[in-house]
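# Residue-level structural notes
Here's the letter readout for the chains.
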Amino acid sequence: MDICKVGVIGVGRGTTMMDYCKNAKNAKLVAICDKWELGLENRKKQFGEDGVKYYTDFDEMLKDPEVDTVMLANYATEHAPFAIKALRAGKNVISEVLPAQTMAQAVELIETVEETGKKYCYAENYCYMLAPYEMKRKFASGEMGEFEYGEGEYMHNCESIWTDITYGERDHWRNRMSAFYYCTHSAGPLIHISGKRPVKVVGFECPFNARMARMGARAGHTAIEMVTLENGAVIKSLHGLGPAKCSIWYSVYGTMGRLESAREDACIDGNSRLYTNIDTREDAYDGEASTYIPEPGVKVEEGSGHGGSDYVCLCNAFEHILGHEADIVDVYEALDMWMIGQFGYYSVLDGGVPKEIPDLRLKSERDKYRNDRRCTEPAVAGDQLIPSYSKGTPEIPDEVYERTREEWERKLRGDK
């Protein structure tokens, strides 16, 4: 196997993966799948039919013998079931954010990866942004000493794009997820930088606000998790879809110094710029502040999304699938990242008490969660349904969703 033959599900976010494959030496696009036929037709016009097949049924795409790697860019709440299907069909999997919706899915996903022996990579692209990726390299080299503390932020005011990503659907997964669900853009890079497993979390939930009400999102606007790692270090994860302003930012401390990315509002190369202050030894205190923009490690295609991190993330994933050494997020680390939010919300629902985060590498730990379907989606949770907001799921007038749907349909028609 000298090149991955890729089938992508999801014509929205999946276009990033399709674009990567156009000029890649390690991946070739051979199939695209989506139940939305208009979107699929648009991709057919974009990518043509020479060597690319188009499917409206995922199961049919899995029967395609040419597809050896499936890239999941469908709804985030569907990633685990679709990954499990693909793995059992003999395909390797690259999954977009998030890896699972419930602990029961998490257990089944891990065991399916182990049983099939196929490759699974989690496409947490924020780990590969220039500053946090350089932070990981500095800890891995020993230059920073032992990881002691870190903070990560993914604050995204989504009001202006909510129509584009929810289509006016009242029960779109984004409208009924808790504030804690979308946690791996903030917590994930910290886990990847430190190389440590999270063992305990306390969650804090910000209130449901007027912006979330206008959007139709039935949850608190922001979540915070305070997390203890296996070595005793602590990280703070801050993420939200309804704050007033946006922020992508990381700061980490080791026994030898501090590393910090630029604040977006600093207007100096965004979060690509890294600030460093590192000592020559723990007791030297001789470090000096400096700043630079790190190299990405691979040659990035011009225009690649999220500051080039999409390209690096995918390049590494395909190299790993082909059997080459590459820095990826495997299934265990992916679920460590995700459980920070899941158990952070359990903490809030239980009055703010700390929650132990299980090690799903251990079968004895998995057994406790095989039937844990707690989530905010009724069809999945059944009698284990939890609210999208800890104080009770907010009631939002039908007019909000009707307006959003009308806006979405106008955009499809090309109306101004």
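Residues numbered from 1 in each chain as written. Predicted model: local features only at pLDDT ≥ 70, side-chain atom pairs only at ≥ 80, totals over all residues. Heavy atoms only, no water.

It is worth spelling out a nonpolar patch on the surface at this point. A cluster of nonpolar side chains, contributed by Trp 36, Leu 38 and Leu 412, occupies part of the molecular surface with about 270 Å² of accessible area. Mapped onto the elements, Leu 412 comes out in helix α15 (residues 398-413). (Patch = residues over 30% accessible without salt bridge, like charges linked within 9 Å, V, L, I, M, F, W, Y side chains within 5 Å. Areas by Shrake-Rupley, 256 points an atom, 1.4 Å probe, with all protein chains shown as cover. Salt bridge = Lys/Arg side-chain N within 4 Å of Asp/Glu carboxyl O. Helix = DSSP H or I, 4+ residues; strand = E, 2+ residues; numbered from the N terminus.)

As enumerated under the stated definition, the model contains 37 salt bridges in all. Across the salt bridge formed by Arg 88 and Glu 108, the nearest N and O atoms sit 3.2 Å from each other. In this pair, Arg 88 is assigned in helix α4 (residues 79-88) and Glu 108 in helix α5 (residues 103-116), connecting sequence segments 20 residues apart. By relative accessible area, which is 51% here, Arg 88 ends up exposed. Across the pair Lys 200 and Glu 356 runs a salt bridge, and its minimum N-O distance is 3.8 Å. Here the residue Lys 200 occupies a position in strand β8 (residues 198-205), and Glu 356 occupies one in strand β15 (residues 355-356), the gap between them amounting to 156 residues. Among the residues examined, Glu 356 registers a relative accessible area of 52% and is labelled exposed. Salt bridges here are not isolated pairs; linked through shared partners, they connect Glu 111, Glu 114, Lys 363, Arg 366, Asp 367 and Arg 370. (Buried < 20%, exposed > 50% of the residue type's maximum accessible area, 1.4 Å probe, protein only.)

With that out of the way, let us pick up the sheet that holds strand β2 (residues 27-33). Strands belonging to one sheet form pairs held by backbone hydrogen bonds; the direction of such a pair is parallel or antiparallel. The parallel open sheet is built from 6 strands, whose spatial order is β3-β2-β1-β4-β5-β6. The sheet is open, and its two borders are formed by β3 (53-55) and β6 (120-122), each paired with just one other strand. Each strand axis lies, on average, 25 degrees off the axis of its neighbour in the sheet, ignoring direction. Looking at chain direction, strand β1 (residues 4-9) and β2 are connected through 6 bridges and run parallel. In the sheet register, Cys 4 faces β2, and the bridge partner there is Ala 27. Running over the sheet, helix α1 (residues 14-23) touches β1, β2 and β4 (69-72) and is turned about 145 degrees from β2. (Pairing = 2+ DSSP bridges. Axes fitted to C-alpha atoms, helices over the stretch in contact; angles between N-to-C directions. Contact = heavy atoms within 4.5 Å.)

Among all positions in α4, only His 79, Ala 80, Ala 83, Ile 84, Ala 86 and Leu 87 are buried. Buried positions in α4, seen along its axis, are confined to an arc of 165 degrees and lie on one side of it. Close packing links the buried residues of α4 with α3 (58-62), β4, β5 (92-95), α5 and β6. Where α4 ends, the next residue or the one after it, Gly 90, has phi of about 85 degrees, a positive value. (Arc of directions from axis to C-beta.)

The next thing to look at is the packing of α5 against helix α12 (residues 331-349). Remark: α5 packs on α12, axes separated minimally by 11 Å, with the N-to-C direction vectors making an angle of 170 degrees. One element, α5, and the other, α12, form an angle in the roughly antiparallel class. From α5, Met 103, Ala 106, Leu 109, Ile 110, Val 113 and Glu 114 reach across to α12, where they touch Val 331, Tyr 332, Leu 335, Trp 338, Met 339, Gln 342, Phe 343 and Tyr 346. Residues that form the contact of α5 with α12 fall into these classes: 12 nonpolar, 1 polar and 1 charged. (Parallel < 35°, antiparallel > 145°, perpendicular 65-115°, else oblique. Nonpolar A, V, L, I, M, F, W, Y, C, P; charged D, E, K, R; others polar.)

Formed by 111 residues in total, the largest nonpolar core has its most connected members in Tyr 20, Ile 32, Phe 58, Ile 94, Tyr 120, Phe 318 and Trp 338. Per-element accounting of this core gives the leading share, 9 residues, to α12. By size, the runner-up hydrophobic cluster in this structure holds 6 residues, among which are Ala 179, Tyr 345, Val 348 and Ile 386. (Core = buried A, V, L, I, M, F, W, Y, C linked by side-chain atoms within 4.5 Å.)

What follows is about the confidence of the model for the protein chain. Looking at the protein chain, the pLDDT average stands at 96 and 99% of residues meet or exceed 70. At the level of individual helices and strands, the protein chain shows its lowest average pLDDT in α15, which scores 93, and its highest in strand β9 (residues 222-229), which scores 99. (pLDDT = per-residue confidence, 0-100.)

We now examine the pairing of β9. Most of β9 is tucked away: 6 of the 8 residues are buried. Taken together, the 7 bridges between β9 and strand β10 (residues 234-240) define a ladder with antiparallel strand orientation. For Val 227, the partnering residue across the bridge sits in β10 and is Ile 235. In sequence, β9 turns back onto β10 through a hairpin of 4 residues, with Gly 232 there showing a positive phi of about 95 degrees.

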